[in-house]
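Letter by letter, the chains look like this.
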Amino acid sequence: MSNAEQPSDEQPGNDEFEPIQVFPEAEEMDLRPGADDCYKCSTCDTNCPVAKVDDEFPGPKFQGPEQWRLKRQDDHDIDDSVMKCSNCMRCDSACPSEVPLSQMHNTARGEYVEENMSKFSREYVRNRMLANYRSLAPLASMFPRTANFVMGLSITQWLGEKTLGITSERELPEFATETFREWWAKRGGAQVESEDKRIAYFHGCYSNYNTPEVAKALVRVYEHFGYEIVVPEQSCSGTPMFANGMLEDARRAAETNVRELAAAIEDGADVIASCSSCSMSLRQEYPELFDFEGTEDVASNTWDAIEYLRVHEDLRAELEGTSVGEEYDDFAYHAPCHSRNQGLDGQTIAVLDAIDGIDAHDVGDSCSGISGTYGWKEENYETSMKIGEEMFEHMENSNAETGLTECPTCSMQMGHGTGYEIKHTLEVLEAALVGADSDGVEPKRKEE
Amino acid sequence: MAIEDDVLVIGGGLAGTTAALAAAASAKDARVRLVTYKQSTLRHASGLIDILGYAPGDDANAPLVDPFDALEDLPEGHPYERVGSQAVRDALAFFDDIAGDAYAGGHTDANALVPTHGGTVKPTARYPVSTAEGLASDPRETLLVGFETLPDFDAPLAASHLEAAGAPFEARGVTLSFPGIVRDDAKVTRYAHLLDHDETVSTGSGETGARTALVTAVESYLEDEPRVGFPAVLGDEHADEVRNVLSDELGVDVFEIPMGPPSLPGMRLEERLYDALEDAGVRVTSGVPVVEYETADGDDDRGWRIDHVVVDRHGAEIPHRGDQYVLATGGLVGKGIESDREQVSEPIFNCHVPHAEDRYDWFVDDAFGEQPFAAFGLVPDRELRPLDPNGEPEFENLRAAGSVLGGYDYAAEKSGAGVSLATGYVAGTRAGEEATR
């Protein structure tokens, strides 16, 4: 994906060879080849959902190659508009020239936060909290009812907006009374053992702390197909950290993830993610930004949960003739930007087509507008809702009253803008293949 | 296992979408998939559907009145010669069905003359309805309106160019500031969004909707011209509504002038084609490249068959299998044809691209001369199967369409859209028939 030159520690030759360091160590990424490839066609700008609704945002072409060139001169700081980029990464798949735009944005944001943002500012503290939701979540999930109660109080929301700049327009997501990992431990881990069908599940933060039903659906669907599931230790994927320019936090998280996932791959597993931003991060952003041992390995062995089944199982045949209850009748489906970028936007509709009685309607290619932590910030709330307007309109114009998507924050925005209940595709597959809410179901097939 | 379909189209521009739609139409039960990597060059295109504006090699350089008359005289190997003129008519009719009331020009075989943002006129067969009131053959006086923050369209200059080019009317140009736009480099989508959603903007006389604000800004400049032309930024999703409101409130006809890249009329056409794909049940996989292919030995001397292609999804290699394949990856701009200092090549199937061995023979010194590189591309048979250097089909189940084909210079001929339509239509129809036979 990326044209950038990665600093590399690899040295050719055998053990006896001791090279002398002639050039100083390459510590910064050289993004010049990418910048040179930009021929200013501006296709990226027409894909930017922020530039479309916000006159103050100069767009991805400026944030990427142009700003990169400008700051070759020492008298130029990174422009603060880079914090208005929502990291939807649409510019990447728009560019006909393979300019690594989102990589440029991520490095520029990192540099801006490092050098131009006060570590004592309200913005910095707020962004760091939002980006590191993963480190606050365990506390909240220890006392989920209290946490949900407190966070639902209007005084808390008012305080959040006044002191931190977190919009009071949104309701903070509820914490589950039992996390996915707690459930997984209680059930005794994997119930299928297999030598040759094994996956390492990267559940991410949200399906662990907030929507364990999605993670459980993944477990049941994969066990139905006879997979042994391992759930490695893991940290946040890093997506919210990239988006807030917290590259050091992201680096720490990525280091854990790469180490644990690479070990699972070594044990014969493929990595599966149920959140499209998590898979995007492992597949694209890690190799663009980091060079831990095994980064490339993890990237090329990571899959989207449904994509993997389509390629490795006859998912269509398995779904043929199945049906689901009435609650899964019609869906208004929104493809998240981060699944669009992976070439997965048409997938859900194609897969669900095989199930009897489901009518899944694609609501078009607009961005939902929330983009992770972006739409939670007071200053971005209005922009976020303006971007989402097109999606809300399309959802309301469809027959469905239930929404469907694979991204947790898109799902919040869909619910927030329309009042619809939102499901994950894995939950629909679970209902079709093993029956909904089938806690402790016996897997149909077991590898000997 | 592979993702299985009957017809697999590679490339998502005008040729690829037409091929996929034609395949779905020719074989009702066929499963058709379109795989496209980067966004198509339709976003760079004017949105005009030209068939043939100028005869190739014609030094007189007069625009053709009837493109169909000229089709019969094209040299052997030209894509139109390969498919035949009836196929061009069929493809255009197929397009008219898809375009519905969004395009005009179907009432006549003759080319229309549409003013461009540089003040020249382009001979074209079909044009978006948004440009219809602006045709250069229409003798009504014209006011052109440009915007300070949109330097790609200089209205006074375009107006004087049009008059100099012999347009049969008086044209006048004015430059205004667009209400609600402050940035010098605002995106075309920003203008369109302001008008689409009639966002509230601040003007000298208070807050008002963007549409009304624009009308107020233009009104005072309007003398007695019965039509006003704007650069093509008048809305995206609700372009018709925007144009109608402006037209009603100004009391004159309003039209758009197609712009350079990135182009809203091109985007609107793209949107329409992708809606049609969805309606036709064509599966679309976008954002990921096809990187290689595997063959299966043919069971007799019919040559090689492509068994499957490999899609690279961020490092994961996903096999996609079709019975029939259509290659519509574009030319040098769309990167369906690539060149380096050594050679010109087609990167996915490595199909034969004829070119001189010495790269100094790829071009001529006269910049506006007949450039050999402009016609680089695959050489097809009449079925549109790319041929190897010996004149044999490279693969029995591969067809090619659009500007990945060689033998024509679309920039000089103004034939880009027509060739994409005609070859996409033929390649897709044959692929559909073949796959379900």
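Small disclaimer: the values here were computed from a predicted structure and weren't measured.

Draft legend 1. Layout of empty space enclosed by the protein. All names here are of chain A. Per the counting criterion, the structure on display carries seven cavities of 30 Å³ or more. Those elements that provide at least two residues to the lining of the largest cavity are α3 (49–53), α5 (90–94) and α6 (101–116). For the lining of the largest cavity, the per-class residue count stands at nine nonpolar, four polar and one charged. Estimates place the volume of the second largest cavity at around 90 Å³. As for the second largest cavity, its lining consists of 14 residues, and the residues nearest its centre are C38, C41, S42, C44 and C95.

Draft legend 2. Region of interest: the domain arrangement of chain B. All names here are of chain B. For chain B, the assigned domains are domain 1 (3–101 + 267–435) and domain 2 (117–257). The distance between the C-alpha centroids of domain 1 and domain 2 comes to 34 Å. In this assembly, 16 residues from domain 1 lie in contact with 16 residues from domain 2. At the boundary of domain 1 with domain 2, the tally comes to three salt bridges. Note that D50 and K122 form a salt bridge whose closest N and O atoms lie 2.7 Å from each other.

Draft legend 3. Local environment of the domain arrangement of chain A. Residues and elements named next belong to chain A. Each domain of chain A was delimited in the assignment, giving domain 1 (31–116), domain 2 (122–164), domain 3 (180–315) and domain 4 (323–434). Contact residues are listed per partner, giving 14 residues for domain 1 and 13 residues for domain 4. Roughly 1100 Å² is buried in total at the junction of domain 1 and domain 4, and carbon and sulfur atoms are behind 52% of that figure. By the criterion of area lost to domain 4, the three top residues of domain 1 are V53, S86 and R90, representing 46% of everything that side buries. In this structure, the salt-bridge partner of E390 is K52, at a minimum N-O distance of 3.4 Å. At the junction of domain 1 with domain 4, the criterion picks out eight residue pairs in polar contact (both at pLDDT 80 or more).

Draft legend 4. Fine view of the side chain of T429(B). All names here are of chain B. Tracing the sequence through the fold places T429 in helix α11 (residues 416–435). For T429, a relative accessible area of 11% corresponds to the buried category. Those residues in contact with T429 that sit more than four places away from it in its chain are A22, A23 and S26.

Draft legend 5. Seen up close, the interface of chain A and chain B. Opposite the 53 residues of chain A that make contact, chain B presents 42 residues. Together, T46(A), K52(A) and D55(A) form the three largest contributors to the area buried by chain A at its contact with chain B, with a combined 18%. Summed over the shared surface of chain A and chain B, the result is four salt bridges. We note a salt bridge from D353(A) to R283(B), for which the minimum N-O separation is 3.4 Å.

Draft legend 6. Up close: helix α6 (residues 188–196) of chain B. Extensive coverage of α6(B) is indicated by the burial of nine of its nine residues. Buried residues of α6(B): V188(B), T189(B), R190(B), Y191(B), A192(B), H193(B), L194(B), L195(B) and D196(B), and no others. On its buried face, α6(B) sits against α2 (43–47) and α3 of chain A together with β10 (200–203), α7 (210–219), α8 (239–250) and α9 (264–279) of chain B. Positive phi appears at D198(B), one or two residues downstream of α6(B), with a value of about 45°.

Draft legend 7. Expanded view of a negative patch on the surface. Residues D365(A), E237(B), E271(B), D275(B), E278(B) and D279(B) make up a contiguous surface patch of negative charge. Structurally, E271(B) is set in helix α9. Given the relative accessible area of 37%, E271(B) is considered partly exposed.

Draft legend 8. Quick peek at the pattern of salt bridges. Residues and elements named next belong to chain A. Using the criterion set out here, one finds 55 salt bridges over all chains in the structure. Between D54 and K84 there is a salt bridge whose closest N-O contact spans 3.1 Å. Here D54, found in the loop between α3 and α4 (60–70), pairs with K84, found in the loop between α4 and α5; they are 30 residues apart in sequence, far enough to count as distant. Among the residues examined, D54 registers a relative accessible area of 9% and is labelled buried.

Draft legend 9. Layout of the packing of helix α1 (residues 14–26) of chain B against α9(B). Residues and elements named next belong to chain B. Running from amino to carboxyl end, α1 crosses α9 at an angle of 20°, the nearest separation of the two axes being 10 Å. By the angle between their directions, the pair α1 and α9 is classed as roughly parallel. Both α1 and α9 take part in a crossing whose hand is left-handed. Counting all contacts with α1, which are made through L14, T17, A20 and L21, the residues of α9 involved are L273, Y274, A276 and L277.

Rules behind the numbers
- Residues numbered from 1 in each chain as written.
- Chains lettered and ligands numbered in written order.
- Predicted model: local features only at pLDDT ≥ 70, side-chain atom pairs only at ≥ 80, totals over all residues.
- Heavy atoms only, no water.
- 1 Å grid on protein atoms, 1.4 Å probe; cavity = no way out; pocket = protein on both sides within 12 Å on 5 of 7 lines; lining within 4 Å.
- Points joined across faces, edges and corners; volume = space filled by probe spheres on them.
- Helix = DSSP H or I, 4+ residues; strand = E, 2+ residues; numbered from the N terminus.
- Nonpolar A, V, L, I, M, F, W, Y, C, P; charged D, E, K, R; others polar.
- Domains from an automatic or database assignment.
- Contact = heavy atoms within 4.5 Å.
- Salt bridge = Lys/Arg side-chain N within 4 Å of Asp/Glu carboxyl O.
- Buried area = accessible area lost by both parts, 1.4 Å probe.
- Polar contact = N/O pair within 3.5 Å; in protein donor to acceptor, adjacent residues only side chain to side chain.
- Buried < 20%, exposed > 50% of the residue type's maximum accessible area, 1.4 Å probe, protein only.
- Patch = residues over 30% accessible without salt bridge, like charges linked within 9 Å, V, L, I, M, F, W, Y side chains within 5 Å.
- Areas by Shrake-Rupley, 256 points an atom, 1.4 Å probe, with all protein chains shown as cover.
- Lys, Arg positive; Asp, Glu negative; His and termini not counted.
- Charge placed at Lys NZ, Arg CZ, Asp CG, Glu CD.
- Axes fitted to C-alpha atoms, helices over the stretch in contact; angles between N-to-C directions.
- Parallel < 35°, antiparallel > 145°, perpendicular 65-115°, else oblique.
- Left-handed = near helix turned anticlockwise from the far one by under 90°.

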